[in-house]
Amino acid sequence: MLWDPPKCINCDKEIEKNEQVYAKLRYPKRKGFTEIKAYLRNEAVFICENCFDNKK
Ligand SMILES: [Zn+2]
């Protein structure tokens with residue numbers, strides 16, 4: 001992958017490969033994800049599993 005590893009918006013930890021994450025993003029206006037990676041990089045924020053569990 002060419003883009004930087006995503007970081008958790010809460011604890012700033014880098015998301016590790018294969019780690020389960022929660023992503024928050026806007027649903028695209030247009031149908032179809034032609035460039036899912038670019039879309040995620042521009043629009044998504046990630047929350048690691050730890051932080052997500054702590055928020056419950
Ligand atoms: Zn976190």
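As the structure is a prediction and not an experimental result, all values here were calculated from the model.

A. Expanded view of the overall build of the protein chain. What the protein chain contains, in helices and strands, is two helices and two strands. Counting over 56 residues, the protein chain shows a buried share of 18%. Taking the contacts inside the protein chain whose residues are at least 6 apart along the sequence as the reference set, 52% of them involve residues at least 24 apart. Carbon together with sulfur atoms contributes 49% to the accessible area of the protein chain, which is approximately 5,100 Å² in total.

B. Representation of the coordination of the zinc ion within the structure. The coordination sphere of the zinc ion contains the protein donors C8 (SG), C11 (SG), C48 (SG) and C51 (SG), at a distance range of 2.3 Å. Geometry at the zinc ion is tetrahedral, judged from the four donor atoms that bind it and their angles of 105 to 116° at the metal. Motif for the zinc ion, donor spacing along one chain: C-x2-C-x36-C-x2-C. Highlighted residues: C8 in the segment before strand 1 (21-24) and C48 in strand 2 (residues 45-48), separated in sequence by 40 residues. For C48, a relative accessible area of 1% translates into the label buried.

C. View of the pattern of salt bridges. According to the stated counting rule, one finds two salt bridges in the structure shown. Salt-bridge contacts for E43 lead to R26; the nearest nitrogen and oxygen are separated by 2.9 Å. Of the two residues, E43 is situated in helix 1 (residues 36-43) and R26 in the loop between strand 1 and helix 1; the sequence distance between them amounts to 17 residues.

Each value, and the rule that gives it
- Residues numbered from 1 in each chain as written.
- Predicted model: local features only at pLDDT ≥ 70, side-chain atom pairs only at ≥ 80, totals over all residues.
- Heavy atoms only, no water.
- Helix = DSSP H or I, 4+ residues; strand = E, 2+ residues; numbered from the N terminus.
- Buried < 20%, exposed > 50% of the residue type's maximum accessible area, 1.4 Å probe, protein only.
- Contact = heavy atoms within 4.5 Å.
- Areas by Shrake-Rupley, 256 points an atom, 1.4 Å probe, with all protein chains shown as cover.
- Donors = N, O, S within 2.8 Å, 3.2 Å for Na, K, Ca; no water.
- Tetrahedral: all angles 85-135°; square planar, octahedral: opposite > 155°, others 65-115°.
- Salt bridge = Lys/Arg side-chain N within 4 Å of Asp/Glu carboxyl O.

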